[in-house]
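# Examining the three-dimensional arrangement
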2 protein chains.
Amino acid sequence: MGIGVFDSGIGGLTVFQALREALPATETLVYLGDTARVPYGTKSEETVIRYALEGARFLKRRGVKALVVACNTMSAVALPALQREAALPVVGVIGPGAEAACRVTRRRAIGVIGTAATVKSGAYARAIATHLPDARVVSRACPLFVPLAEEGWVDNDVARAAASAYLGDLKHEGIDTLVLGCTHYPLLERVIGEAVGPGVTLVDSARATAKVVRARLEEHGLLAAGAGPGDGDRFFVTDSSERFHEVGSRFLGGPIARLEQIDIQE
Amino acid sequence: MGIGVFDSGIGGLTVFQALREALPATETLVYLGDTARVPYGTKSEETVIRYALEGARFLKRRGVKALVVACNTMSAVALPALQREAALPVVGVIGPGAEAACRVTRRRAIGVIGTAATVKSGAYARAIATHLPDARVVSRACPLFVPLAEEGWVDNDVARAAASAYLGDLKHEGIDTLVLGCTHYPLLERVIGEAVGPGVTLVDSARATAKVVRARLEEHGLLAAGAGPGDGDRFFVTDSSERFHEVGSRFLGGPIARLEQIDIQE
């Protein structure tokens, strides 16, 4: 009985890490990265929902007691479908990220950046409105940030030119808070911060999500009790494990021990 | 009975168009773009081969008489598997592109750019060696070029910075020819040309491939005879057809008439 952490690929490891820090060592995490079909952020709502349900079914067959949707695109587009079908507590990253942004903003003017699918869904704007109905939300899709982060180009001329092209005009929008609405974006934090200027606070939803997950587990009486280590975390990917191993070890700052390639439909 | 044109997504429309120009109007083309799983170029060899075989089976069920693999990554990695399994004439883009480069080069020093998977496969270097065994081949993976082309950023600061980061040092390699080893790259022709300098001839394999396809059809007695239009070209995609319609119409300079979303495994 562990907690499923589901992502389209490798970016969700930032959420995995935040969960690892927020939860007791007795708690086991089961990570699934759909690396054979990544990215989700450029695909249609219908396809993202289909992939999300397939991943959730796989994790349920592994016996997880709760599901964390680490991917912003999936959280933005497929959360209602997952909550309907999974019959488990399901936590996405949009709600916690939006709430964190509402706590931070002073002038109630919030920027949101994410994939094309996330921005198109309007999910962040809706989630922000539940806390601050009069907040002004300015959204921008930044499709190139994911490949930049995966290329490791997070602080060079290309990254700076992309950040400036996407975000340069946000300076004149009067926002004081910017939600990094994609798990990859915190890697580009520096160039994003430069592009929007020093008066804007960047909000990453990984830590906020981990706190909500802990609270939800406690609320449902599902948090693992006792001291000492759990069963050990496990990692499943749909493409070859080689590249995940390489990049993932960089994300986590150490080797990934129990990593297995699976067929998500079996 | 048409000719299957198989691509990981939308980039293969450049090959489709070259085929349309090289083949008689009586010949029907059946295009398949695996848009629900695009891109292939960042994925493992094993996964690309699996996807390639699934696509080929789909097109065979549609009754195609020959198969054109428009995607460089698939051609680099999966051509032997396709030729073994398809029991049809199968033409990829690597062989024709390599041959064209060998005809163009004067100093027998050829650059090749492509996706990570294409470059890792070494397929272009092997194909070039069959024509010019003593040619020097310098390869570079340019993963960011595909998302740049899809974003429509083909001639701005970001594209120029990326081209310069990937290709700046190729100037000192003495190449006189550069193979654009990915269907998206011709869109970035201008910034690529600037980065490698005016002494380097750029080679795009779409037209060379179309010529080889025509020759292979004639050789097998498969070229459609008679005058007048054929059955009309058809387009199949695995993700929602909406975006393909939008971007594809831009590629082809007109609306895409017979476009259908399918499940590749059915």
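Scoring rules and cut-offs
Residues numbered from 1 in each chain as written. Chains lettered and ligands numbered in written order. Predicted model: local features only at pLDDT ≥ 70, side-chain atom pairs only at ≥ 80, totals over all residues. Heavy atoms only, no water. Disulfide = S-S within 2.5 Å. Buried < 20%, exposed > 50% of the residue type's maximum accessible area, 1.4 Å probe, protein only. Pairing = 2+ DSSP bridges. Helix = DSSP H or I, 4+ residues; strand = E, 2+ residues; numbered from the N terminus. Axes fitted to C-alpha atoms, helices over the stretch in contact; angles between N-to-C directions. Contact = heavy atoms within 4.5 Å. Phe/Tyr/Trp six-rings, centres within 6.5 Å; stacked < 30°, edge-to-face > 60°. Lys NZ or Arg CZ within 6 Å of the ring centre and 35° of its normal. Salt bridge = Lys/Arg side-chain N within 4 Å of Asp/Glu carboxyl O. Core = buried A, V, L, I, M, F, W, Y, C linked by side-chain atoms within 4.5 Å. Buried area = accessible area lost by both parts, 1.4 Å probe. Right-handed = clockwise from strand over helix to strand, strands pointing away. Parallel < 35°, antiparallel > 145°, perpendicular 65-115°, else oblique. Left-handed = near helix turned anticlockwise from the far one by under 90°. Nonpolar A, V, L, I, M, F, W, Y, C, P; charged D, E, K, R; others polar. Least-squares fit on C-alpha atoms with pLDDT ≥ 70 in both.

A covalent bond between the sulfur atoms of two cysteines is what we call a disulfide. This structure, assessed with the given rule, holds zero disulfides over all chains. Not part of a disulfide, A:Cys71 finds its nearest cysteine sulfur in A:Cys182, a span of 7.2 Å. No disulfide involves B:Cys102; its nearest neighbouring cysteine sulfur is the one of B:Cys142, lying 20 Å away. The buried category is assigned to B:Cys102, whose relative accessible area is 12%.

Residues and elements named next belong to chain A. A sheet is described by the order of its strands in space; here six strands give the open sequence S4-S3-S1-S2-S9-S10, paired in parallel fashion. Every interior strand has two partners, whereas the edge strands, strand S4 (90–92) and strand S10 (259–261), have only one. Within the sheet, the average angular offset between the axes of one strand and its neighbour, ignoring direction, is 20°. Sheet analysis places strand S3 (residues 66–69) next to S4, joined by three bridges and oriented parallel. Directly across from Val 68, in S4, lies its bridge partner Val 91. The strands touched by helix H1 (residues 13–22) are strand S1 (3–7), strand S2 (29–33), S3 and strand S9 (234–237); relative to S2, the strand with the most contacts, the crossing angle is about 175°.

With that settled, the discussion passes to the packing of aromatic side chains. Residues and elements named next belong to chain A. For the structure shown, the criterion picks out 18 aromatic pairs over all chains. Ring geometry for Tyr 31 against Phe 244: centres 5.9 Å apart, planes inclined by 40°, an arrangement best described as tilted. Here Tyr 31 is found in strand S2, whereas its partner Phe 244 is found in helix H11 (residues 241–252), with 213 residues between them in sequence. Each member of the pair, Tyr 31 as well as Phe 244, carries the same accessibility label: buried. Measuring from centroid to centroid gives 5.2 Å for Phe 145 and Tyr 185, while their planes differ by 85°, and the two rings are edge-to-face. Taken together, the residues Phe 145 in helix H7 (residues 145–151) and Tyr 185 in the loop between strand S7 (177–181) and helix H9 (189–196) connect sequence positions 40 residues apart. By relative accessible area, Phe 145 is classed as buried at 0%. Pairwise contacts between aromatic rings join Phe 16, Tyr 31, Phe 235 and Phe 244 into one cluster. One cation-aromatic arrangement involves Arg 37 over Tyr 51; the distance from NZ or CZ to the ring centre is 3.7 Å.

Right, let's talk about the pattern of salt bridges for a bit. Residue and element names in this part refer to chain A. The tally for this structure, following the rule as stated, stands at 32 salt bridges over all chains. Asp 169 is the salt-bridge partner of Arg 140, the closest N and O atoms lying 2.7 Å from each other. With Arg 140 in strand S6 (residues 136–141) and Asp 169 in the loop between helix H8 (157–167) and S7, this pair connects stretches of sequence that are 29 residues apart. One salt bridge in this structure joins Arg 160 and Asp 157, with 3.9 Å as the shortest N-O distance. With Arg 160 and Asp 157 both in helix H8 and three residues apart, this pair spans about one turn of that helix.

Right, let's talk about the nonpolar core for a bit. In terms of nonpolar packing, the biggest core is built from 58 residues, with A:Phe145, A:Leu167, B:Phe145 and B:Leu167 touching the most fellow members. Contact partners of B:Leu167, with chain neighbours within four places excluded, come to B:Ile113, B:Cys142, B:Phe145, B:Ile192, B:Ala195 and B:Val196.

Counting residues at the interface gives 32 residues for chain A, matched by 32 residues for chain B. Of the roughly 2,200 Å² buried where chain A meets chain B, counting both sides, 54% is carbon and sulfur surface. Looking at the side of chain A facing chain B, the largest losses of area belong to A:Leu144, A:Trp153 and A:Asp239, adding up to 20% of the total buried there. The tally of links from chain A across to chain B stands at zero salt bridges.

The next thing to look at is the side chain of B:Ser121. All names here are of chain B. As for its position among the elements, Ser 121 is in helix H5 (residues 116–121). Residue class for Ser 121 comes out buried when judged on its relative accessible area of 15%. When sequence neighbours within four positions are dropped, the list of residues in contact with Ser 121 reads Ala 76, Val 77 and Arg 126.

Let's shift gears to the pairing of strand S8 (residues 201–204) of chain B. Residue and element names in this part refer to chain B. Pairing of strand S7 (residues 177–181) with S8, which is carried by four bridges, proceeds in the parallel orientation. Residue pairing for S8: Val 179 is matched across the bridge by Val 203. As for the winding sense of the linkage, the β-α-β connection from S7 through helix H9 (residues 189–196) to S8 is right-handed.

To continue, consider the packing of helix H1 (residues 13–22) of chain B against helix H11 (residues 241–252) of chain B. All names here are of chain B. Relative orientation of the contacting elements H1 and H11 amounts to 45°, with a least axis distance of 10 Å. With respect to each other, H1 and H11 are oriented oblique. Relative to H11, H1 is oriented so that their crossing is right-handed. Contacts between H1 and H11 involve Leu 13, Thr 14, Phe 16 and Gln 17 on the former and, on the latter, Phe 244, Gly 248, Phe 251 and Leu 252. Taken together, the residues that form the contact of H1 with H11 break down as five nonpolar, three polar and no charged.

Here we take up the relation of the copies chain A and chain B. Superposing chain A onto chain B takes a rotation of 180° plus a shift of 0.0 Å along the axis, which leaves an RMSD of 0.0 Å. In the structure described here, the two chain copies are related by an operation that fits a two-fold rotation axis. Within chain A, the C-alpha atom positioned nearest to the axis of rotation is that of A:Arg37, 2.4 Å from it. A high fraction, 100%, of the interface residues of chain A reappear at the interface in chain B, so the copies pair face to face through one surface.

Residue and element names in this part refer to chain B. Overall, parallel pairing links the four strands, which are arranged S6-S5-S7-S8 in an open sheet. Strands at the two margins of the open sheet, each flanked by one partner only, are strand S6 (136–141) and S8. This sheet shows a mean twist of 25° between the axes of neighbouring strands, independent of strand direction. Sitting on the sheet, helix H4 (residues 94–104) touches strand S5 (109–114), S7 and S8, and the angle it makes with S8 is about 155°.

The values are spatial; any link to function lies outside them.
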